[in-house]
Amino acid sequence: MTSFPPAIFLMGPTASGKTGVAVELAQTLPVEIISVDSALVYRDMDIGTAKPDAATLARAPHHLIDIIDPTEAYSAAAFRRDALRLMHDITHRGRIPLLVGGTMLYFKALREGLSELPQSNPAVRAELDAEIAQHGIKHLHKQLAMVDAETAARLKQTDTQRIQRAMEIYRITGQPMSALINKSLSRERERGWGEGNELSYRIIPIALVPSDRAQLHARIATRFSAMLEQGLVDELRGLREKYPLQPNMTSMRCVGYRQAWQFMEGEINEAQLLETGIAATRQLAKRQLTWLRSMPENIELDCLTHNLEKIVLSELSRFVLR
């Protein structure tokens, strides 16, 4: 039986103390930290993302922080590619990848894989909508069976969304969706980073979750208030002067920056900025906890516990040091 090297997933909602725990672990275990955060990838977005400061990064360097400008986009597929490369390199250095963050989609993409499929095409989608309206979804399923029998065989004839997507991919690329997925998996095998969608690592999934949701909400309120005091609005003003930003860009849809933008445009006042920022952060935490609750393999630890770093280290020692 193959013995896979360990990789630690340290997950949790915003304000659960992930960074502090990760930094302490880096002082004790032979780990290298990979950030799993869709906001920390952006340069110059420091206050609103709660980015570790220079002193913290000097103690415990993080991969995948400050890698793109706020005008650029970063996807789950790009994260998976970068993270797999880093995990491979870290393991070959005789160290352990420690993946830390709250972007659950990135963790899911890393663990389960993503195929390299084209984005939706509105014109092709409209054509398929018209065909479904005229002939029904079963007719489209028969067409799919003629060009992509593998995909058609695993889809129910009533699965409108997936049948339409598979046909859309075929008409955009001229290739069956199943063939594109298989090519993507083959490339990963050739790189030696994993067997298809399965990671060639022994994952140790630690989830920091609150025993009392109200206490987490209090932390969130305190932290967002501190971000405003530290100059979140001024930071955004500087970003808008430096980069040609638009409010619909992915970076500007990040919690905190979206509300600060509305404040700068006069859409909300200062009190509303605080209120909506806290509310949006609480909603983010709720979504993150929902993701975590759906992952029964996680080792759950109370993020509100005193000496959390020692508790996490004790838990990890049973797996990493065995």
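Residues numbered from 1 in each chain as written. Predicted model: local features only at pLDDT ≥ 70, side-chain atom pairs only at ≥ 80, totals over all residues. Heavy atoms only, no water.

Turning to the overall build of the protein, a few remarks are in order. In terms of regular secondary structure, the protein is built from 14 helices and eight strands. Along the three orthogonal principal directions, the C-alpha set of the protein runs to about 60 × 60 × 35 Å. Each of the 322 residues in the protein was classed as buried or not, and the buried ones make up 44%. Partitioning the intrachain contacts of the protein with sequence separation of at least 6 by distance along the chain shows that 74% fall at a separation of at least 24. Carbon and sulfur atoms form 50% of the exposed surface of the protein, whose accessible area is close to 16,300 Å². (Helix = DSSP H or I, 4+ residues; strand = E, 2+ residues; numbered from the N terminus. Buried < 20%, exposed > 50% of the residue type's maximum accessible area, 1.4 Å probe, protein only. Contact = heavy atoms within 4.5 Å. Areas by Shrake-Rupley, 256 points an atom, 1.4 Å probe, with all protein chains shown as cover.)

This part covers the nonpolar core. In this structure, Phe-79, Leu-99 and Leu-110 are the most contacted members of the largest nonpolar core, which totals 55 residues. Going through the elements one at a time, β1 (6-11), α3 (76-92), α4 (104-112), β7 (202-209), α10 (213-230), α11 (232-242), α12 (257-264) and α13 (270-293) are the ones with two or more residues in this core. (Core = buried A, V, L, I, M, F, W, Y, C linked by side-chain atoms within 4.5 Å.)

Moving on, we come to the side chain of His-141. Its place among the elements puts His-141 in helix α6 (residues 137-147). You can call His-141 buried: its relative accessible area is 10%. Not counting the four nearest positions on each side in its chain, His-141 is found in contact with Ala-152, Leu-155, Lys-156, Gln-157 and Ile-163.

Purely spatial values, then, with no claim about function.
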